[in-house]
Amino acid sequence: MSAEADRDRRTNTDTGRGPRGAGRTGADAGPGRRDRLVRPLLIAFLVAGAVDLVGVLAGIELAHQIAKPLLMPLLAGYALARRGPRLLVAALLFGWGGDTFLLFDSDPAFLVGMGSFAVGHVCYLWLFGRAHSSPVAALGYAVVLIVFVALLWNGLPADMRVPMAGYSMLLTATACRAGALGMRAAVGGGLFLLSDGLIATGIADWPQLPAPDFWVMFTYLAAQYLLTTGALAPAPERTGRTATDGPRD
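Cut-offs and rules
- Residues numbered from 1 in each chain as written.
- Predicted model: local features only at pLDDT ≥ 70, side-chain atom pairs only at ≥ 80, totals over all residues.
- Heavy atoms only, no water.
- Helix = DSSP H or I, 4+ residues; strand = E, 2+ residues; numbered from the N terminus.
- Buried < 20%, exposed > 50% of the residue type's maximum accessible area, 1.4 Å probe, protein only.
- Contact = heavy atoms within 4.5 Å.
- Phe/Tyr/Trp six-rings, centres within 6.5 Å; stacked < 30°, edge-to-face > 60°.
- Core = buried A, V, L, I, M, F, W, Y, C linked by side-chain atoms within 4.5 Å.
- Salt bridge = Lys/Arg side-chain N within 4 Å of Asp/Glu carboxyl O.
- pLDDT = per-residue confidence, 0-100.
- Axes fitted to C-alpha atoms, helices over the stretch in contact; angles between N-to-C directions.
- Parallel < 35°, antiparallel > 145°, perpendicular 65-115°, else oblique.
- Left-handed = near helix turned anticlockwise from the far one by under 90°.
- Nonpolar A, V, L, I, M, F, W, Y, C, P; charged D, E, K, R; others polar.
- 1 Å grid on protein atoms, 1.4 Å probe; cavity = no way out; pocket = protein on both sides within 12 Å on 5 of 7 lines; lining within 4 Å.
- Points joined across faces, edges and corners; volume = space filled by probe spheres on them.

Peer 1: Could you clarify how one ought to interpret the overall build of the protein in this entry?
Peer 2: Helices and strands together make up the secondary structure of the protein, namely ten helices and zero strands. Listed N to C, the secondary structure of the protein is α-α-α-α-α-α-α-α-α-α in terms of helices and strands. Burial statistics for the protein: of 249 residues in total, 40% are counted as buried. For the protein, contacts bridging at least 24 residues in sequence account for 70% of all contacts bridging at least 6.

What follows is the structure, encoded as structure tokens:
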């Protein structure tokens with residue numbers, strides 16, 4: 001009986017039915033649990049985004065105050081569940097910092113929020129790597145930056161001119177370089193530039209679209225979503241590399 005028991009123990013260990021095999025099965029189940037979070041997190045982000053947009057459009061300030069701080073953590077959680085690059089998650093979390101500080105109606109909070117967004121753009125630029133941008137796109141974005149800052153300059157508060165010019169350079173670089181992750185991310189980068197451009201025109205007291213805050217948030221949410229899904233796209237799909245070229249991050 002002892003020899004048979006010893007034989008059974010060795011068989012169970014080798015085939016994964018024993019304690020060590022159970023441990024490996026538990027480890028293999030880990031990614032499955034993470035996968036099950038992907039859809040709920042994406043749905044939660046979309047719902048929070050819809051609540052925020054409706055709140056902004058209808059003037060329900062409480063809905064905006066509650067929903068806005070949830071947006072980027074949910075999108076970052078979605079990126080994590082999809083095993084996205086750490087730099088992408090960092091960019092989204094710094095965006096969350098910017099979103100939170102911009103809820104406070106004060107110049108210091110605005111500058112801190114802008115600084116948080118700026119760090120997020122640095123993360124995006126690092127994520128894009130050394131891929132070269134289209135010369136035509138680079139020239140176009142450079143012209144837009146110079147003309148836009150020049151037109152805004154006199155309308156901006158004096159203490160915000162230099163910080164906003166510096167931030168605009170980072171933002172434009174992100175928009176220009178986003179094409180390294182494919183067309184979806186390129187559109188996201190352009191929408192990010194548009195969203196922050198709308199904010200800047202409001203600060204400079206330019207004429208505004210109807211419901212300007214709605215369009216700021218709509219373009220911002222679309223931008224972050226497209227940048228995220230562009231970064232999460234399979235490498236061959238967005239860069240033309242083969243699957244053996246290595247991980248994204």
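Now that the structure has been shown, the text picks up again.
Peer 1: Honestly, the packing of aromatic side chains in this entry has me stumped. Any pointers?
Peer 2: Two measures describe an aromatic ring pair: the distance that separates the ring centres and the angle between the ring planes. The tally for this structure, following the rule as stated, stands at nine aromatic pairs. Plain terms: the ring middles of Y124 and F128 are 6.1 Å apart, the flat faces sit at 20° to each other, and that makes the pair stacked. In this pair, Y124 and F128 are both assigned in helix α5 (residues 107-128), four residues apart and thus about one turn of the helix distant. One exposure class covers both Y124 and F128, and it is buried. Grouped by ring-pair contacts, the aromatic residues F117, F192 and Y220 constitute a single cluster.

Peer 1: What should I look at first to understand the nonpolar core in this one?
Peer 2: Nonpolar side chains in soluble globular proteins tend to end up buried together. Within the largest apolar cluster, 51 residues are counted, with the highest numbers of intra-cluster contacts made by F45, M72, L88, L92, Y124, F192 and L221. For this core, the elements supplying multiple residues, two or more each, are α2 (19-58), α3 (61-81), α4 (86-101), α5, α6 (135-152), α7 (158-177), α8 (183-203) and α9 (212-232). Counting residues per element, this core draws most heavily on α5, which supplies nine residues. Apart from the residues within four sequence positions on either side, L92 is in contact with M72, L75, A76, A79, Y124, Q224 and T228.

Peer 1: How should I be thinking about the pattern of salt bridges in this particular structure?
Peer 2: Tallied over the entire structure, the rule returns one salt bridge. When the shortest N-O distance is used, the salt bridge between R83 and D35 registers 2.9 Å. Here D35 lies in helix α2 and R83 lies in the loop between α3 and α4, a separation of 48 residues in the sequence. For R83, a relative accessible area of 38% puts it in the partly exposed group.

Peer 1: Looking at this structure, I do not really get the confidence of the model for the protein. What am I missing?
Peer 2: Do not read the predicted coordinates in detail wherever pLDDT is low. Mean pLDDT over the protein works out to 85, with 82% of the residues at or above the 70 mark. This model gives residues 9-29 a pLDDT under 50, and the stretch forms ten contacts once residues within four places in sequence are excluded. Overall, residues 240-249 carries pLDDT values under 50, and its contacts beyond four positions in sequence, including any with other chains, amount to 17 contacts.

Peer 1: What's the story with the packing of α7 against α8 in this structure? I'm lost.
Peer 2: In a packed pair of helices, the relevant descriptors are the angle between the two axes and the axis-to-axis distance. Look at α7 against α8: their axes get within 8 Å of each other, and the N-to-C directions meet at 160°. Classified by the angle between their axes, α7 and α8 sit roughly antiparallel to one another. Between α7 and α8 lies a crossing of left-handed hand. Residue-level inspection shows M164, Y167, L171, T172 and A175 of α7 in contact with α8, the latter providing G189, G190, F192, L193, D196, A200 and I203. Tallied by class, residues from the contact of α7 with α8 come to eight nonpolar, three polar and one charged.

Peer 1: Got a minute to help me understand the side chain of T219 in this structure?
Peer 2: One can find T219 in helix α9. Among the residues examined, T219 registers a relative accessible area of 7% and is labelled buried. If near-sequence neighbours (up to four positions away) are discounted, T219 is found in contact with L191, L194, S195 and L198.

Peer 1: When you look at empty space enclosed by the protein in this model, what are you seeing that I'm missing?
Peer 2: Space left empty within the atom packing is revealed by a probe, the size of a water molecule, rolled over the atoms. Tallied over the entire structure, the rule returns two cavities of 30 Å³ or more. Lining of the largest cavity is provided by F148, V149, L152, L156, R161, M164, A165, S168 and A200. The set of elements that each furnish at least two residues to the lining of the largest cavity consists of α6 and α7. Residue contributions to the lining of the largest cavity peak at four residues, all from α7. The residue makeup of the lining of the largest cavity, split by class, is seven nonpolar, one polar and one charged. Its boundaries defined by the atoms lining it, the second largest cavity holds a volume of some 30 Å³. For the second largest cavity, the full set of lining residues is A91, G95, F117, G120, H121, Y124, F192 and Q224.

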